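Per-entry structural report
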There are 2 protein chains.
Amino acid sequence: MKFDILRDRLLEGLNDVMKAVSSKTTIPILTGIKIDVTNEGIRLTGSDADITIQTFIPVEEDGQQIIHIAETGSIVVQARMFNEIVRKLPTNEVEIQVTTGFQTHIRSGKSEFHLIGSDAAEYPLLPELTEDQKFTIPADLLKSIIRETVFAVATSESRPVLTGVNWQIKNETLICVATDSHRLARRKVQLEDLPEVEHSVVIPGKSLNELNKVLEDSTNLVQIVITSQQVLFKTGDVLFFSRLLEGNYPDTSRLIPEEYQTNVTINGKALLQAIDRASLVARGDRNNVVRFEILDSQAVEVSSNSPEIGKVQEEIPVEALEGDNLKISFSAKYMMEALKAIDGQDVVIQFTGAMRPFILRSVHDDAILQLILPVRTY
Amino acid sequence: MKFDILRDRLLEGLNDVMKAVSSKTTIPILTGIKIDVTNEGIRLTGSDADITIQTFIPVEEDGQQIIHIAETGSIVVQARMFNEIVRKLPTNEVEIQVTTGFQTHIRSGKSEFHLIGSDAAEYPLLPELTEDQKFTIPADLLKSIIRETVFAVATSESRPVLTGVNWQIKNETLICVATDSHRLARRKVQLEDLPEVEHSVVIPGKSLNELNKVLEDSTNLVQIVITSQQVLFKTGDVLFFSRLLEGNYPDTSRLIPEEYQTNVTINGKALLQAIDRASLVARGDRNNVVRFEILDSQAVEVSSNSPEIGKVQEEIPVEALEGDNLKISFSAKYMMEALKAIDGQDVVIQFTGAMRPFILRSVHDDAILQLILPVRTY
């Protein structure tokens, strides 16, 4: 194997696949990245067993010669070391050559590295995915869907399936649900080219967070292929594979109340900032609980009280109020995350009583729905 | 005590004094900041017992009214909490009032906080410094002096006095020396208004690092007052006090060789980058050792070798060579820090043998001198 390549383009590719490489892996070969050289270009692969990222750098791009292939082949090199070496090379031209015994030579300017590589045949193979079940989502919409749901997954491993986001496909709708059993985030989106077969899979929250870092904030289409054990997201030259979580995701639809006693319409941003301030005092308390009280049809009060630190209170004007007055307490953290997911628009909060779950949604629709269980304090 | 103040100006002041507040302090009152309100303005004080920072906000600044004083007084409030509250207040007008029992009320817009403060009389008093021994240094020069020496202090507490930088004043020269007994950094600077009495004090490295963050990169003069137990740096409205380290600093002047067998003049930046690359491989080894060999009058070679990772070698052109050829090994970290302190100019490296300390300095003068002990490998 022997080729030369422009350092900066190689770095771009490494930057994508390094996101999958973990220093904590227990599988030694996965501390490396695999380099496959064919006559068409080079393919880089990084993996932590849960997530695998692959990227392809073609020999020629936009009419510019990126790579000269002298000899094809494959090698695995220590990922972090290789990435750092490439980043620090003195010139933009790099020659990479593998000789007997997986000896990997990296030459640039007057600098020459000799690394001890590993046999590419030992690197795990990727699953073969049939692409007849694929659909597409614009990258920016996919990033929004992730942002609006993934924060609500469980962080504890006591019910592993709750550490992922449930993606259901039915009736031409993609429904994404995350819950840690104290709050729930749901995003519905209608898409045109969804598979006709119903699907329900659970994608690890960690995978979606990493995917979010790989995706660009553009309207470019991301192709998605779902199989029974893996999901593939394909964008430009990057392939992002994630394993799926096993186990049945609970049916959450019955958690969402159907009738409400109190509907409050309020400026989401003003409420978010008031709760952020109240949580400064509430944080002294372990549960970070703030109180919310409807004063009259004009205003609500957000307050918090911590015996050791002090207290805080603030009035926020209400846009509209229907139904009964109410005092309720909830986690400031959950409320802030829910309001951030709905993102500053006018928000409707619908209550069915001080001890019952309440929901938040935009005034316009329920594409994004956030549900929070209150905390008993009154 | 009661006043109102512009939030953003209060935040600026807090930003300075917060640098002295440590969450690790064992003295409870020092988790707070002291606020003293007089008819002239407010003074903020933060301290971790080693470092104390004080700043003054006047009632009026550049013709703008910053503060309205209704009632003078003093209070100590929990530093981190107060800082976060002020940062998140909804409007730029803040009213702060202390009522009985150290109750501290912070009002802004419709938001109202009540914090439990502490008695300002419990806050440690600052030493009274007589200012007859003061001298001045431009802030940017002081920052350079810190940057060029402080990295070389000892990180281990086995000889506490070596965790500080020795400042000597004699013969109208300030000489700053730091050493961890494996390498040494020395900076000499001639100043006009130095005290005539000789001084030799040791300023904790940590204090100098914090001072560096407080100082602006400007030519504004910093006033310095040295006493037997404290040093004060005064810049604009900010007073920065540090305790001094006790104990005699070793006489380091005899460590510096007086004759050299080999003088190499080389581009400091090219050498720094080559050593940075070599250290990628050397880091696998515990001591991070790189080798340096004079090939001929035209070039030196920097190399490193790690049985598990691989090896690296690189030639660097030499500007001038006098004296004998040489092979020597040293810590890549020490060499890179020394080269960064001299900062990219043409550098002279002076050797007296493979097992003897060598020095680095600029071609122009020896205002900055760096000394490194080699490592035995050949």
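Quantities reported herein were computed from a predicted structural model and do not represent experimental measurements. Within every chain, residues take consecutive numbers counted from 1 along the sequence as written. Both sets of labels track the order of writing: A upward for chains, 1 upward for ligands. Only residues with pLDDT of at least 70 get local features here, since the model is predicted, and only at 80 or more are side-chain atom pairs given and counted; chain-wide, interface and lining totals rely on the full set of residues. By convention in this description, side-chain values take in all heavy atoms of the structure and omit both hydrogens and water.

1. Considerations on the overall build of chain A
- Each helix and strand counted, chain A has six helices and 28 strands in total.
- The principal-axis extents of the C-alpha atoms in chain A amount to approximately 80 × 50 × 40 Å.
- The proportion of buried residues among the 378 residues of chain A is 55%.
- Contacts were defined at the residue level, with two residues in contact if any of their heavy atoms lie within 4.5 Å. Taking contacts inside chain A between residues at least 6 apart in sequence as the whole, the part at least 24 apart equals 67%.
- To measure how exposed things are, a 1.4 Å probe is used in the Shrake-Rupley method; for residues, cover is taken only from the protein chains shown. Working note: accessible area of chain A is about 17,500 Å², and carbon and sulfur atoms make up 44% of it.
- Only four residue types enter the charge count, namely Lys and Arg as positive and Asp and Glu as negative; His and the chain termini do not. Charge coordinates come from a single atom per side chain, which is NZ of Lys, CZ of Arg, CG of Asp or CD of Glu. The centroid of the 38 positive side-chain charges in chain A is displaced by 7 Å from the centroid of its 54 negative side-chain charges. The secondary structure listing takes helices from DSSP runs of H or I that are at least 4 residues long and strands from runs of E that are at least 2 residues long, numbered from the N terminus. Think of it in three bands: residues with accessible area under 20% of the maximum for their type are buried, residues over 50% are exposed, and the middle band is partly exposed, with areas taken using a 1.4 Å probe on protein chains only.

2. A few points about the relation of the copies chain B and chain A
- The fit set for superposing copies consists of C-alpha atoms from residues with pLDDT of at least 70 in both; the fit itself is least squares. Expressed as a screw transformation, the operator carrying chain B onto chain A has a rotation angle of 180 degrees and an axial translation of 0.0 Å, and the superposed copies differ by an RMSD of 0.0 Å. Both chain copies can therefore be described as sitting about a two-fold axis. Taking the C-alpha atom as reference, chain B places B:Lys24 closest to the rotation axis, 15 Å from it.
- A shared binding surface is used by both copies, with 100% of the interface residues of chain B retained as interface residues in chain A.

3. Re the interface of chain B and chain A
- The interface is formed by 27 residues belonging to chain B together with 27 residues belonging to chain A.
- In this description, buried area is defined as the sum, over both parts, of the accessible area (probe of 1.4 Å) that is lost when the two are combined. Taken together, the two surfaces of chain B and chain A that pack against each other cover about 2,500 Å², and 57% of this comes from carbon and sulfur.
- A salt bridge links B:Glu315 to A:Lys110; the shortest N-O distance between them is 3.9 Å.
- The term polar contact refers here to a pair of N or O atoms within 3.5 Å; inside protein, the definition further demands a hydrogen-donor-capable atom paired with an acceptor-capable atom, and it admits residues adjacent in sequence only when both atoms are side-chain atoms. For the interface between chain B and chain A, the tally reads twelve residue pairs in polar contact (both at pLDDT 80 or more).
- Broken down by secondary-structure element, the contributors of at least two residues to the side of chain B that touches chain A are α2 (79-88), β11 (111-116), α5 (268-282) and β23 (310-317) of chain B.
- Under the grouping applied here, Gly and all other residues not named as nonpolar or charged are polar, the nonpolar ones being Ala, Val, Leu, Ile, Met, Phe, Trp, Tyr, Cys and Pro and the charged ones Asp, Glu, Lys and Arg. Among the residues making up the side of chain B that touches chain A, the classes are represented as twelve nonpolar, four polar and eleven charged.
- Sheet topology note: the strand β11 (residues 111-116) of chain A/β23(B) ladder contains five bridges and is antiparallel. From the neighbouring strand, A:Phe113 faces β23(B), where its bridge partner is B:Val312. Within this document, salt bridges are pairs made up of a side-chain nitrogen of Lys or Arg and a carboxyl oxygen of Asp or Glu, the two lying within 4 Å of each other. We call two strands paired when DSSP finds no fewer than two bridges between them.

4. A closer look at the side chain of A:Thr352
All names here are of chain A.
- Tracing the chain through its elements places Thr352 in the loop between β26 (346-351) and β27 (358-362).
- What makes Thr352 buried here is its relative accessible area of 11%.
- Sequence-distant contacts of Thr352, that is, excluding residues within four places in its chain, are made with Pro257, Glu259, Tyr260, Gln261 and Pro357.

5. A look at the UniProt feature "domain: DNA polymerase III beta sliding clamp N-terminal" (unreviewed entry) in chain A
- Following the UniProt record, the feature "domain: DNA polymerase III beta sliding clamp N-terminal" (unreviewed entry) maps to residues 1-127 of chain A here.
- Annotated as 17% helix and 47% strand, the span residues 1-127 of chain A places its first and last C-alpha atoms 25 Å apart. UniProt positions are given in the numbering used here, feature names are shortened, and annotations may be inferred rather than shown by experiment.

6. As for the side chain of A:Gln350
All names here are of chain A.
- Checked against the element boundaries, Gln350 lands in strand β26.
- Judged by its relative accessible area of 7%, Gln350 is buried.
- Only 3.4 Å separates the side chain of Gln350 from the side chain of Arg361, close enough to count as a polar contact.
- With residues near it in sequence (within four places) discarded, Gln350 still touches Tyr260, Thr262, Asn263, Phe358, Ile359 and Arg361.

7. With respect to the sheet that holds strand β21 (residues 289-294) of chain B
- Within the open sheet, the nine strands sit side by side as β7(A)-β1(A)-β9(A)-β10(A)-β11(A)-β23(B)-β22(B)-β21(B)-β25(B). Their pairing is antiparallel. Two strands close off the open sheet at either side, each with one partner strand: β7 (67-71) of chain A together with β25 (327-331) of chain B. Going across the sheet, the axis of each strand differs from the next one's by a mean of 15 degrees, ignoring polarity.
- Here an angle of 0 to 180 degrees is reported between the N-to-C directions of two axes, which are lines fitted to C-alpha atoms, with helices fitted over the stretch in contact. Docked against the sheet, helix α1 (residues 7-17) of chain A engages β1 (2-6) and β9 (93-99) of chain A, running at close to 95 degrees with respect to β1(A).

8. Side note on unusual backbone geometry
Residues and elements named next belong to chain B.
- A positive phi angle, near 80 degrees, is found at Ala49, a position not held by glycine.
- Considering the arrangement of structural elements, one finds Ala49 in the loop between β3 (41-47) and β4 (51-58).
- Residue classification places Ala49 among the partly exposed positions, given a relative accessible area of 43%.
- At Asn171, a residue that is not glycine, the phi angle is positive and equals roughly 50 degrees.

9. Some thoughts on the environment of B:Met336
All names here are of chain B.
- Summarising the element assignment, Met336 is placed in helix α6 (residues 332-342).
- The class for Met336 is buried, based on a relative accessible area of 12%.
- Here the alpha-carbon distance between Met336 and Asp132, two residues 204 residues apart in the chain, equals 40 Å.
- Setting aside chain neighbours within four positions, we find Met336 in contact with Leu272, Ile275, Asp276 and Ser279.

10. Here's the deal with the packing of helix α5 (residues 268-282) of chain A against helix α6 (residues 332-342) of chain A
Residues and elements named next belong to chain A.
- Where α5 meets α6, the closest approach of the two axes is 10 Å, and the angle between their N-to-C directions is 155 degrees. On the basis of their axis angle, the class for α5 and α6 is roughly antiparallel. Here α5 runs over α6; the crossing is left-handed. Residues Gly268, Leu271, Leu272, Ile275, Asp276 and Ser279 of α5 form the contact with α6, whose own contacting residues are Ala332, Met335, Met336, Leu339 and Lys340.
- The class makeup of the residues in the contact of α5 with α6 is seven nonpolar, two polar and two charged. Any angle that falls under 35 degrees is termed roughly parallel, while one over 145 is termed roughly antiparallel, one within 65 to 115 roughly perpendicular, and all others oblique. Should the near helix be turned counterclockwise from the far one by less than a right angle, the crossing is left-handed, whereas a clockwise turn marks it as right-handed.

11. With respect to the environment of B:Glu40
All names here are of chain B.
- For Glu40, the position within the fold is in the loop between β2 (32-37) and β3.
- For the pair Glu40 and Pro58, spaced 18 residues apart in sequence, the C-alpha to C-alpha distance is 6.0 Å.
- Sequence-distant contacts of Glu40, defined by excluding residues within four places in its chain, comprise Phe56, Ile57, Pro58 and Val59.

12. Examining the packing of aromatic side chains
- Two aromatic rings from Phe, Tyr or Trp, using only the six-membered ring of Trp, form a pair when their centres are within 6.5 Å; if the ring planes differ by under 30 degrees the pair is stacked, by over 60 it is edge-to-face, and anything between is tilted. A complete count under the given rule lists twelve aromatic pairs over all chains for this structure.
- Where A:Phe330 meets A:Phe358, the ring centres are 5.5 Å apart and the plane angle is 55 degrees; that geometry is what we call tilted. Of this pair, A:Phe330 sits in strand β25 (residues 327-331) while A:Phe358 is found in strand β27, placing the two residues 28 residues apart along the sequence.
- On the basis of relative accessible area, A:Phe330 is assigned to the buried category, the value being 0%.
- Residue A:Phe358 is classed as buried on the basis of its relative accessible area, which comes to 0%.
- Ring centres 5.7 Å apart and planes at 35 degrees place the aromatic pair B:Phe292 and B:Phe351 in the tilted group.

13. Some remarks on the environment of B:Leu245
Residue and element names in this part refer to chain B.
- With respect to the helices, strands and loops of the structure, Leu245 is situated in the loop between β19 (238-243) and β20 (262-267).
- Of the residues examined, Leu245 reaches a relative accessible area of 13% and is grouped as buried.
- Measuring from C-alpha to C-alpha, the distance between Leu245 and Val202 comes to 5.3 Å, with 43 residues separating the pair along the chain.
- Residues in contact with Leu245, not counting those within four places in the same chain, are Pro160, Val161, Thr163, Gly164, Val202 and Pro204.

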